[in-house]
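Chain and residue survey
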Amino acid sequence: MLPHLDAAYNLARWMTRNEDDAQDVVQEAYLRALRFFDGFRGGDGRAWLLAVVRNTALTWLRRESTMAHVSFDEETHGPGPADATVETQLVKGAKLAGLRDCLELLSVEFREVVVMREMEEMSYREIAEAASAPIGTVMSRLSRARQRLQDCMAARLREASK
Amino acid sequence: MTCETAIRLLEPFLDDELEAAQRADVAGHLATCRTCAVVYAPLLELRQGIRSHAPYYRAPDGLRDRVRASVRQAERRPATSWRAIAIAAAILLAISAAFNIALMKSRTAGGDAIARNILSSHVRSLMGTHLLDVPSTDQHTVKPWFNGKLDFSPDVRDFSAQGYPLIGGRMDYIDGHPAAALVFQRRKHIINVFTWPSNAPEGGAELGRNGYQIVHWSRDGMAWWAVSDLNSGELRQFAALYQH
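Residues numbered from 1 in each chain as written. Chains lettered and ligands numbered in written order. Predicted model: local features only at pLDDT ≥ 70, side-chain atom pairs only at ≥ 80, totals over all residues.

Counting its regular elements, chain B contains eight helices and seven strands. Across the 244 residues in chain B, those meeting the buried criterion constitute 27%. In chain B, 50% of the contacts between residues at least 6 apart in sequence involve partners at least 24 apart. (Helix = DSSP H or I, 4+ residues; strand = E, 2+ residues; numbered from the N terminus. Buried ≥ 20, exposed ≤ 12 C-beta atoms within 10 Å, placed from the backbone. Contact = placed C-beta atoms within 7 Å.)

Here we come to the environment of Asp138(B). Residues and elements named next belong to chain B. Assignment of secondary structure puts Asp138 in the loop between β1 (134–135) and α7 (139–145). The class of Asp138 is exposed, set by 12 C-beta atoms lying within 10 Å. Here the alpha-carbon distance between Asp138 and Val156, two residues 18 residues apart in the chain, equals 9.4 Å.

Where helix α7 (residues 135–161) of chain A contacts helix α3 (residues 34–53) of chain B, the axes come no closer than 11 Å and their chain directions differ by 85°. Of the possible angle classes, the one that applies to α7(A) and α3(B) is roughly perpendicular. Of the residues in α3(B), those in contact with Arg146(A), Leu149(A) and Gln150(A) of α7(A) are Pro42(B), Leu43(B) and Leu46(B). (Axes fitted to C-alpha atoms, helices over the stretch in contact; angles between N-to-C directions. Parallel < 35°, antiparallel > 145°, perpendicular 65-115°, else oblique.)

Now for the environment of Leu44(B). Inspection of the secondary structure assignment puts Leu44(B) in helix α3. The spacing of Leu44(B) and Glu11(B) is 33 residues in sequence and 9.4 Å in space, taken between C-alpha atoms.

Negative phi values dominate among residues other than glycine, just as trans dominates among peptide bonds. Even without being a glycine, Ser132(A) presents a positive backbone phi close to 45°. Assignment of secondary structure puts Ser132(A) in the loop between α6 (124–130) and α7. If you check the backbone angles, Asp220(B) has positive phi at about 45° while not being a glycine. Relative to the elements of secondary structure, Asp220(B) occurs in the loop between β6 (212–219) and β7 (222–228). You can call Asp220(B) exposed: it has 7 C-beta atoms within 10 Å.

Let us look at the confidence of the model for chain B. Per-residue confidence for chain B gives a mean pLDDT of 84, with 86% of residues at or over 70. Two summary scores accompany this predicted model of the complex, namely pTM at 0.55 and ipTM at 0.78. (pLDDT = per-residue confidence, 0-100.)

What follows is about the packing of helix α5 (residues 108–119) of chain A against α7(A). Residue and element names in this part refer to chain A. In contact at an axis separation of 9 Å, α5 and α7 are set at 95° when each is read in the N-to-C sense. By the angle between their directions, the pair α5 and α7 is classed as roughly perpendicular. Here α5 contributes Glu109, Phe110, Val113, Val114 and Arg117 to the contact with α7, which in turn contributes Val138, Arg141, Leu142, Arg144, Ala145 and Arg148. By residue class, the composition of the contact of α5 with α7 is six nonpolar, no polar and five charged. (Nonpolar A, V, L, I, M, F, W, Y, C, P; charged D, E, K, R; others polar.)

A few words on the interface of chain A and chain B. Interfaces are frequently sized by the accessible area removed from exposure as the parts join. Counting from both sides, the interface comprises 37 residues of chain A and, opposite them, 39 residues of chain B. Looking at the side of chain A that touches chain B, the elements with two or more residues in it are α1 (5–16), α2 (19–35), α4 (89–105), α5, α6 and α7 of chain A. Tallying contributions element by element places α2(A) first for the side of chain A that touches chain B, with seven residues. Of the residues that constitute the side of chain A that touches chain B, the class distribution is 19 nonpolar, nine polar and nine charged.

Residue and element names in this part refer to chain B. Counted residue by residue, strand β3 (residues 177–186) has seven buried out of ten residues, so it is predominantly covered. As defined by bridge partners, strand β2 (residues 166–174) adjoins β3 across eight bridges and the pair is classed as antiparallel. By the bridge assignment for β3, Gly169 is matched with Leu182. Two successive antiparallel strands, β2 and β3, enclose a turn made up of two residues, where Asp175 displays a positive phi of approximately 55°. Bridging between β3 and strand β4 (residues 189–197) involves seven bridges; their strand directions are antiparallel. Bridging across to β4, Gln185 finds its partner in Ile190. As consecutive antiparallel partners, β3 and β4 are separated by two residues, and within that stretch Arg187 has a phi angle of approximately 50°, a positive value. (Pairing = 2+ DSSP bridges.)

Structural data, given as structure tokens:
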């Protein structure tokens, strides 16, 4: 009876980066969803619900003042070597393990679009609805997020091969 | 297509957001242009990395009950607890109705009756508890299960090797026909495949409805309909495997 609970939790978990906070956010979001039910004008139920989850999570982050804008450090996460050489399996493993860390290092407005696009496989239109942003903004955030992830992974790859 | 244009379209191409003609142009360009291919490969690799290595956090056990309980709590009036329960029930019903509105809209928007049936059956199977009558990844278990339940024997396949494992089947009714529903999984996406005998002319079609993709084909006297929230490319690939 509670549709999209996994999607709601996954987004909340990635946005808060914390299991307990994510559970609280989801609980609050479903209550809000009921309260603001009139705001649902049809369309995509998942995107609508995730919009509520997202707003709840942002409020939560602000309230807890854990909205640590982890700034992207260009010194340590500068662009990697232009042409990646052959990687050993070991290095490749270290690289993939770093994905989660790199994703968590992104600021929340980048992290959320990556979660919605790559994990929920939502279309640009759906993400725009959930993130209350124009499609163009979604596209540019997604593109920048990918660039940062690639840079962060390249930096880790260099670390691992040292 | 120039490199300048192609590079700008690489991400929408990756995200399956281009019109068919443009998609074909980019694919054609990528096949011959090394510069663009070198930009595209890491994008694809990043996607694959995220999908296979970044955790998808499923709702932990107990969260569903906790949310339900809090919904009831919020609506509770101290004097009449029966009333509160009724209200909570009504609200849960309302929220599930809200998600159905989406479907109703797509119904009124047109499209033929079977596609609407297929979509609503797919959504019902995911929302309720009735996804599988016969949970099995073995096609030799699923196929005989339909014996005696249907007056035809569905062609049951398994594509585990290609990343679309069979997870089971169930009985369903589509457009007034008893139909076999075969259920496949792609990562966390469910694909429902419905089949029943039909004298429709051979052929196929694809359509999108409300964020869901539907691929239809008719062959050897059987109608086949595959539906999923997968992206259209992957569902198309799945349907191609089935028709092979």
